[in-house]
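Architecture at a glance
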Amino acid sequence: MTKREVAKIAVAELEKLYPDAECSLIYSKPYELMIAARLSAQCTDARVNIVTKELFKKYTTLEAFADADLKELEEDVKPCGFYKTKAKSIKEMAGQLLNNYSGEIPDTMEDLLTLSGIGRKTANLIMGDIWGKPAIVADTHFIRITGRLGLTKNTDPYKVEMDLVKLIPPEKSSDFCHRIVQFGRDICKSRRPFCEKCPLSECCKYYKKQKT
Ligand code: SF4
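Each value, and the rule that gives it
Residues numbered from 1 in each chain as written. Predicted model: local features only at pLDDT ≥ 70, side-chain atom pairs only at ≥ 80, totals over all residues. Heavy atoms only, no water. Near = heavy atom within 4 Å. Nonpolar A, V, L, I, M, F, W, Y, C, P; charged D, E, K, R; others polar. Domains from an automatic or database assignment. Contact = heavy atoms within 4.5 Å. Buried area = accessible area lost by both parts, 1.4 Å probe. Phe/Tyr/Trp six-rings, centres within 6.5 Å; stacked < 30°, edge-to-face > 60°. Helix = DSSP H or I, 4+ residues; strand = E, 2+ residues; numbered from the N terminus. Buried < 20%, exposed > 50% of the residue type's maximum accessible area, 1.4 Å probe, protein only. Lys NZ or Arg CZ within 6 Å of the ring centre and 35° of its normal. Lys, Arg positive; Asp, Glu negative; His and termini not counted. Salt bridge = Lys/Arg side-chain N within 4 Å of Asp/Glu carboxyl O.

Before going further, it helps to examine the site of the ligand. Taken together, the neighbourhood of the ligand is formed by Arg148, Leu149, Phe183, Ile187, Cys188, Pro193, Cys195, Cys198, Ser201, Cys204, Tyr206 and Tyr207. Here the shell around the ligand is built from residues that sort into ten nonpolar, one polar and one charged.

Here is the structure:
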């Protein structure tokens, strides 16, 4: 089976398994997704959602984040870990959005990457979820699962993204990434994947290797 065939099966099967492809971070404004995504580095989405529930009630505008007292913001985001760096970049990013982009979220990868604390992973998330553009979010689940399926040999997020851009139809890419995250939590877990109940086992390189 070619990589393209495996990718096609994976897209179709995950679509069946998870018809509602949704981002697990909770937000109501585009900039809130950027902040939530920034907080999710080295932290679970569940914990981020607990923290942002209060955070977004306290800081209701981009201006409020830009003008925030840094020490206070650090305390507010502390449960997410790396709180000093995260608070600093959130405050800076809010200021950059206001000063350089009139308070709007940029819609190009190039511009998104100029923002403090925003890497390709978050930029892709924004491209897909806010702007409905093609996006490959190469997070830990995505790298692990696409590797097991034999769709990439790489583990570097940028290289994985480049490999998968060639295999996943652009219009399906953003939803596929959300589905992969769900699939990684439910079935293709990091330590003990439930291969026996996996709809992708027939085309999975890892599974075939385990059986031989
Ligand atoms: Fe993951 Fe196992 Fe399914 Fe392969 S067969 S995708 S390793 S759960």
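Read on, since the account is not over.
This part takes up the domain arrangement of the protein. Parsing the protein into structural domains produces domain 1 (3-21 + 136-211) and domain 2 (30-129). Between the C-alpha centres of domain 1 and domain 2 there is a distance of 28 Å. Each side of the interface is counted separately: domain 1 has ten residues, and domain 2 has seven residues. For the pair domain 1 and domain 2, the two sides together bury roughly 650 Å², of which 50% comes from carbon and sulfur. Looking only at domain 1, the three residues that lose the most surface to domain 2 are Val137, Glu161 and His178, adding up to 49% of its buried area.

The tally for this structure, following the rule as stated, stands at four aromatic pairs. Relative to phenylalanine 65, the ring of tyrosine 31 lies with its centre 6.3 Å away and its plane at 75°, an arrangement referred to as edge-to-face. Within this pair, whereas tyrosine 31 is found in helix α2 (residues 30-39), its partner phenylalanine 65 is found in helix α4 (residues 62-66), the two being separated by 34 residues in sequence. There is no split in this pair, since tyrosine 31 and phenylalanine 65 are both buried. Look at tyrosine 59 and phenylalanine 65: their rings are 4.9 Å apart centre to centre, the planes differ by 25°, and that puts the pair in the stacked class. For phenylalanine 65, a relative accessible area of 0% gives the class buried. Of note, arginine 148 hangs over the ring of tyrosine 206, and the distance from its end group to the ring centre comes to 4.9 Å.

The next point concerns the side chain of arginine 179. Counting through the fold element by element, arginine 179 comes out in helix α11 (residues 170-186). For the buried arginine 179, which has no salt bridge, the nearest side chain bearing the opposite charge is glutamate 15, at an N-O separation of 4.1 Å. Residue contacts for arginine 179: discarding those within four places in its chain leaves Leu14, Glu15, Tyr18, Pro19 and Ala21.

Across the ten residues of helix α8 (residues 120-129), seven count as buried, placing the element largely inside the fold. Listed in full, the buried residues belonging to α8 are Thr122, Ala123, Asn124, Leu125, Ile126, Met127 and Gly128. Where the residues of α8 are buried, they touch α2, α7 (109-112), α10 (157-165) and α11.

On to the pattern of salt bridges. Under the counting rule described, the total for this entry stands at twelve salt bridges. Across the pair glutamate 72 and lysine 58 runs a salt bridge whose closest N-O atoms are separated by 2.8 Å. One end of the pair, glutamate 72, is in helix α5 (residues 70-77); the other, lysine 58, is in helix α3 (residues 45-58), with 14 residues separating them in the sequence. Two residues, glutamate 92 and lysine 88, come together in a salt bridge whose shortest N-O distance is 3.1 Å. Separated by four residues within a single helix, glutamate 92 and lysine 88 lie in helix α6 (residues 83-101), roughly one turn from each other. Within this structure, Lys58, Glu72 and Asp76 form a network of salt bridges that share partners.

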